[in-house]
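# Commentary on secondary and tertiary structure
Listed below, chain by chain, are the residues.
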Amino acid sequence: MTPPDPEALRDRALRALHRCGAQLPGSGDLVARTPITDTPLAEVPVSCAADVEAALAAAAHTFRDWRSTPAPVRGATVRRLGELLAEHKSDLAELVTLEAGKIESEALGEVQEMIDVCDFAVGLSRQLYGVTMASERPGHRLSETWHPLGVVAVVSAFNFPVAVWSWNTAIALVCGDTVLWKPSERTPLTATACAALLARAARETGAPEAVHQLLYGGTDIGEVLVDDPRVALVSATGSVAMGRAVAPRVAARFGRCLLELGGNNGAVVAPSADLDLAVRGIVFSAAGTAGQRCTTLRRLIVHSSVVDEVVDRIAAAYRSLRVGDPFAPGVLVGPLIDAGAHRAMTAALDTARADGGEVVCGGQRIGEIGYYVTPALVRMPEQTEIVRTETFAPILYVLTYEEFDEAIALHNAVPQGLSSSIFTTDQREAERFLSADGSDCGIANVNIGTSGAEIGGAFGGEKETGGGRESGSDSWKAYMRRATNTVNYSDELPLAQGVEFG
Ligand code: NAD
């Protein structure tokens, strides 16, 4: 593969930013790099303490007006954002490819997800409904109302540099919250472009400037947001280690947390599975995005009667995957994000071998510029510690089962609980997988892979994945506070539970 010219990539990034109407806020300590060539794209300044304080104060102040703006009017700002995202879809996708290394089609898909969630949020802006319950007292009405929550801090990961921001921001804005975004330190340019488009949407629809603000930096800036009592909700997406650090700090001040953490997603392949379909679903989920999705398929639990065939077919598909420059047509697997990711992959494969695993194919680095690897397929004798660990790289471990109960037990015997799937044409197995004693994950699929969720459903996972839910369904409730209201329209004052008081 001929490596692209780093200078040309830098130009590409600056031109895409320019087309989005975004300006880099001067040079500084935060170096945006591209994993395509593992070279710098641009520099941005890390937000200083005074910037963070000013942003927090402005967000808290603006919230007081924004919360009283009618929700459908707030929705108009999000509608305009969605239009601008659609207009700049290819510019934003280009930045996603440059900073996160996704192939073009996946980068375009990520931007489409932002547009979709804006549509969803605009509809929601007319449906932030409460319920009315039957009161036990005559002449009383009992109901629930939902109110804006406050300042929402969005801390996001590198691998979905824009979609996760939009899941949070579009919904939080229609819910009447103001948003402070601290994107991954590895994707500041994509964030700059999105923030510029939202600022334009706010200007054009008369929303206050500080409904959304961007802060650049790493853990330090994240920690300030985590600890500040003006932040009502910390919505943090990233590794389990990050969630472990964030959750107790937010809890210590009785703030709210919405955690979207690591996954270690498994799929069961039953003897009745349609293997043509299963292999396609498995290969996309395991090797797509170079194994760098939270929902990437990492564990395959295959019935012994079909395991050899499944392994052979996946290995054949893996050998035909083109790995390389994510902008190049026909390439399906781009680079790992950095050298650390490559080291983690190599170490995991060494440990798997030491545990008795057989690397059937993959795991080799291609070239010396950027960290491009062939997706690895590894047969394991049992589910050892390394299989129970999320390695953020394309490694698919294959385990074998005899009885269906054993498959479910293996599937659930990991600390994470994000996404899962079963490939079967046996309806009993499919229903069992989706039942209370089936998959213990936040996402459970039948005859599709573990990755590639639609925005309409609530997205998130259980156990060490953090329990948060974002995007569709009733996830909006995480961004609002609930009040229970009792109205007495009688001229008596009966007490609940029949209590008599004088
Ligand atoms: P990461 O944990 O290194 O960083 C994520 C974000 O958290 C970054 O913005 C980082 O600056 C910030 N951060 C880190 N430590 C912090 C702290 N102590 N306080 C405040 N902020 C802190 O994750 P990453 O490498 O960018 O992303 C990959 C990880 O994210 C994987 O584990 C992946 O599974 C997970 N992820 C989960 C989801 C999900 O929806 N469940 C989605 C995308 C990624």
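Our structure's up above, just so we're on the same page.
For the structure given in this document, a descriptive report is provided here. (Residues numbered from 1 in each chain as written. Predicted model: local features only at pLDDT ≥ 70, side-chain atom pairs only at ≥ 80, totals over all residues. Heavy atoms only, no water.)

## Some details on the sheet that holds strand β18 (residues 419-423)
- A sheet is described by the order of its strands in space; here 7 strands give the open sequence β12-β15-β16-β11-β10-β18-β19, paired in mixed fashion. Sheet topology places β12 (358-361) and β19 (443-446) at the edges, where each strand pairs with a single neighbour. Recorded for the sheet is a direction-independent mean angle of 25° between the axes of neighbouring strands.
- Note: strand β15 (residues 376-379) against strand β16 (residues 395-401), 4 bridges, orientation parallel. (Pairing = 2+ DSSP bridges. Helix = DSSP H or I, 4+ residues; strand = E, 2+ residues; numbered from the N terminus. Axes fitted to C-alpha atoms, helices over the stretch in contact; angles between N-to-C directions.)

## Points about empty space enclosed by the protein
- Taken as a whole and judged by the stated rule, the model has 2 cavities of 30 Å³ or more.
- Of the volumes computed, that of the largest cavity is approximately 70 Å³.
- As for the largest cavity, its lining consists of 14 residues, and the residues nearest its centre are A100, G101, K102, T289 and Q292.
- Looking at the lining of the largest cavity residue by residue, the classes come out as 7 nonpolar, 5 polar and 2 charged.
- If you add up the space inside the second largest cavity, you get close to 30 Å³.
- As for the second largest cavity, its lining consists of R298, T389, T391, A393, I395 and Y397.
- Considering only residue class, the lining of the second largest cavity consists of 3 nonpolar, 2 polar and 1 charged. (1 Å grid on protein atoms, 1.4 Å probe; cavity = no way out; pocket = protein on both sides within 12 Å on 5 of 7 lines; lining within 4 Å. Points joined across faces, edges and corners; volume = space filled by probe spheres on them. Nonpolar A, V, L, I, M, F, W, Y, C, P; charged D, E, K, R; others polar.)

## Side note on the layout of surface pockets
- Of the voids in this model, the largest pocket is the one considered here, and its volume is about 960 Å³.
- Elements that contribute at least two residues to the lining of the largest pocket include exactly α6 (163-174), α8 (219-227), β8 (231-237), α9 (240-252) and α12 (339-354).
- No other element matches the 6 residues that α9 contributes to the lining of the largest pocket.
- Residue composition of the lining of the largest pocket, grouped by class: 22 nonpolar, 14 polar and 10 charged.
- Of the voids in this model, the second largest pocket is the one considered here, and its volume is about 670 Å³.
- Around the second largest pocket, the lining comprises 27 residues; the ones closest to its centre are A195, A199, H212, Q213 and L214.
- No other element matches the 8 residues that helix α7 (residues 188-205) contributes to the lining of the second largest pocket.
- When grouped by side-chain class, the residues that make up the lining of the second largest pocket number 17 nonpolar, 6 polar and 4 charged.

## Concerning unusual backbone geometry
- Residues other than glycine seldom take positive phi values, yet A290 does so here, at roughly 50°.
- Considering the arrangement of structural elements, one finds A290 in the loop between α10 (275-287) and β11 (297-303).
- With phi around 50°, K463 is a residue other than glycine that occupies positive phi space.
- Secondary-structure assignment places K463 in strand β21 (residues 462-463).

## Things to note about the site of the ligand
- The full set close to the ligand counts 29 residues, and S156, E185, S239, L261 and E390 are the nearest of them.
- The contact in question runs from an oxygen atom of the ligand to an N or O atom on the backbone of F158, over 3.1 Å.
- Its free accessible area being 850 Å², the ligand has 90% of it covered by the protein chains.
- Placement of the ligand is best described as lying within the largest pocket.
- Listing elements by their share of the shell around the ligand, those giving two or more residues are α8 and α9.
- Residue classes in the shell around the ligand are distributed as 12 nonpolar, 11 polar and 6 charged.
- Split by domain, the residues of the shell around the ligand number at least three in each of domain 1 (6-261 + 466-483) and domain 2 (265-446). (Near = heavy atom within 4 Å. Polar contact = N/O pair within 3.5 Å; in protein donor to acceptor, adjacent residues only side chain to side chain. Areas by Shrake-Rupley, 256 points an atom, 1.4 Å probe, with all protein chains shown as cover. Sits in = over half its atoms within 2 Å of the grid points. Domains from an automatic or database assignment.)

## Quick look at the nonpolar core
- Among the nonpolar cores identified, the biggest contains 136 residues, and L300, I314 and Y318 are the most heavily contacted of them.
- A domain split of this core shows at least three residues from each of domain 1 (6-261 + 466-483) and domain 2 (265-446).
- Contact partners of Y318, with chain neighbours within four places excluded, come to V283, A286, A287, C361, P375, A376, L377 and L396.
- With 21 residues, the next largest nonpolar core counts V155, L180, A236 and V246 among its residues. (Core = buried A, V, L, I, M, F, W, Y, C linked by side-chain atoms within 4.5 Å. Buried < 20%, exposed > 50% of the residue type's maximum accessible area, 1.4 Å probe, protein only. Contact = heavy atoms within 4.5 Å.)

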